[in-house]
Amino acid sequence: MSLVSQSRIVITGAGGQLGRALADRAPEAVALGRADLDITDSDAVAAAVRSGDVVLNCAAYTAVDAAESDRAAARAGNVTGPGILAARCREIGARLVHISTDYVFDGTGERPYEPSDPTGPTSVYGSTKLAGERAVLLADPRATIVRTAWVYTGDRGDFVATMRRLEAERETISVVEDQVGSPTYAPDLAAGLLELVAQHKNPGVVHATGSGAVSRFELARAVFAELGADPDRVRPCGSADFPSPARRPAYSVLSNRSWVAVGLTPLRDWRDALSDALLRVAPR
Ligand SMILES: NC(=O)c1ccc[n+]([C@@H]2O[C@H](COP(=O)([O-])OP(=O)(O)OC[C@H]3O[C@@H](n4cnc5c(N)ncnc54)[C@H](OP(=O)(O)O)[C@@H]3O)[C@@H](O)[C@H]2O)c1
């Protein structure tokens, strides 16, 4: 029997893209979507975590632009809820693994960010996620925080899925070239999180993303190429051409050094993962 299957795992936010990928990989886990558990409901959280040794929190308010005008909802999902989860996990000695984001950084860096680098969120989403990390560690210093970035499955509304849809709908599209990050295929991250859980060590704050870095423009070109379409139909533009309520970091590549340092397997190269993802959602 694997160490993972010996742990009783509870997944919160199991209706989201990472939560679904985790539930697929760990069918023995208790997977709770928002309708099953609102993480801001303290009594319900207490009852839900009682059945687990490990809680993987994938619940979050992730609407980056909407958060700018809905700060209260973003705080509830990203700060209050995680703080409650951490307090309840600590009470019963369960291990909390909480997911955070590259958007805690300001994006002015020139090399991949380490967990110890200074943070400086540029958006309400990023600030609430950072406050959520702090609320979690205050309530339960033994919790693990895993920061990730540019998560996609390619099948519903994420960046890769959107590029797939636009390839079918438009002759040319413009995509920003001044945002650089590391695309992370949700099933790869799910596998990494289960490896982390099986390890029974607490690395504190770690970074886990697909390996390598790419601009959104180059990622869109890669999607077109994988679909057999002409990548030159994707044109570069700047973020200023697409004004949006939230300011996103220009460079938010996360170093996987902290992940590898505790003996965990690095997630595969973003390009290999993309190829696999698109084969699964759009077989040719
Ligand atoms: N997506 C990315 O590119 C990305 C990048 C970096 C980090 N992350 C982090 O990765 C984690 C997983 O994100 P994801 O991409 O899987 O996001 P997602 O698809 O938006 O899933 C988040 C889930 O949390 C649920 N939720 C929101 N508030 C809740 C509450 N109070 N109680 C219970 N559930 C609640 C949402 O339900 P509703 O849909 O009903 O609101 C949704 O099902 C999050 O911590 C996110 O911040 C994501």
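Attention in this report is confined to the structure presented alongside it. On a predicted model such as this, the values are computed, not experimentally measured, just so you know.

## Structural notes on the overall build of the chain
Point 1. Scanning the chain for helices and strands turns up 11 helices and 12 strands.
Point 2. Its C-alpha radius of gyration of 18 Å places the chain within 12% of the 19 Å reference for a compact globule of 284 residues.
Point 3. Dimensions along the principal axes, computed over C-alpha positions, put the chain at roughly 55 × 40 × 35 Å.
Point 4. Sequence-distant contacts in the chain: of pairs separated by 6 or more residues, those separated by 24 or more amount to 79%.

## Structural notes on the environment of T153
Point 1. Its place among the elements puts T153 in the loop between strand 6 (151–152) and helix 7 (159–169).
Point 2. Separated by 35 residues in the primary sequence, T153 and D188 place their C-alpha atoms 9.9 Å from one another.

## A few points about the site of the ligand
Point 1. Within the structure, the ligand sits among 27 residues, and G13, G16, L18, A59 and A60 are positioned closest to it.
Point 2. Listing elements by their share of the shell around the ligand, those giving two or more residues are helix 2 (17–25), helix 5 (71–92) and strand 4 (95–101).
Point 3. Considering each element in turn, the shell around the ligand owes the most residues, 3 residues, to helix 2.
Point 4. Taken together, the residues that form the shell around the ligand break down as 11 nonpolar, 12 polar and 4 charged.

## Considerations on the nonpolar core
Point 1. Counting residues in each nonpolar core, the largest one holds 85 residues, and the members touching the most others are I11, L18, L22, V55, L56, L96 and L193.
Point 2. Here the element with the most residues in this core is helix 8 (residues 186–199); it accounts for 7 residues.
Point 3. In contact with I11, other than residues within four places in its own chain, are G19, L22, A23, A29, A31, L32, L56 and C58.

## Re the sheet that holds strand 4
Point 1. Across the sheet, 6 strands lie side by side as 2-1-3-4-5-10; this open sheet has parallel pairing. The two strands at the open ends of the sheet, each matched to only one other strand, are strand 2 (30–32) and strand 10 (205–207). On average, adjacent strands in this sheet sit at an angle of 20° to one another, irrespective of strand direction.
Point 2. Of the pairings in the sheet, the one linking strand 4 to strand 5 (residues 144–148) comprises 5 bridges and is parallel in character. Bridge pairing in strand 5 places H98 opposite I145.
Point 3. In this fold helix 6 (residues 124–139) packs onto strand 4 and strand 5, with an angle of close to 160° to the strand it touches most, strand 4.
Point 4. Here helix 8 sits on the sheet and contacts strand 1 (9–12), strand 3 (54–57), strand 4 and strand 5; the angle it forms with strand 4, its principal contact strand, is near 145°.

## Points about the environment of E226
Point 1. The topology assignment puts E226 in helix 9 (residues 216–226).
Point 2. The spacing of E226 and R164 is 62 residues in sequence and 9.8 Å in space, taken between C-alpha atoms.
Point 3. Excluding residues within four positions of it along the chain, E226 makes contact with L274, S275 and L278.

## What to know about the pairing of strand 3
Point 1. Here strand 3 shows no split at all, with V54 and L56 on one side and V55 and N57 on the other all buried.
Point 2. As paired elements, strand 1 and strand 3 share 4 bridges and run parallel to each other. Note on strand 3: the bridge partner recorded for T12 is N57.
Point 3. Relative to strand 4, strand 3 is paired through 4 bridges, and the arrangement is parallel. Along strand 4, the bridge assignment pairs V54 with R95.

Calculation criteria
Residues numbered from 1 in each chain as written. Predicted model: local features only at pLDDT ≥ 70, side-chain atom pairs only at ≥ 80, totals over all residues. Helix = DSSP H or I, 4+ residues; strand = E, 2+ residues; numbered from the N terminus. Rg over C-alpha atoms; globule rule 2.2 N^0.38 Å. Contact = placed C-beta atoms within 7 Å. Near = placed C-beta within 6 Å. Nonpolar A, V, L, I, M, F, W, Y, C, P; charged D, E, K, R; others polar. Core = buried A, V, L, I, M, F, W, Y, C linked by C-beta atoms within 7 Å. Buried ≥ 20, exposed ≤ 12 C-beta atoms within 10 Å, placed from the backbone. Pairing = 2+ DSSP bridges. Axes fitted to C-alpha atoms, helices over the stretch in contact; angles between N-to-C directions.

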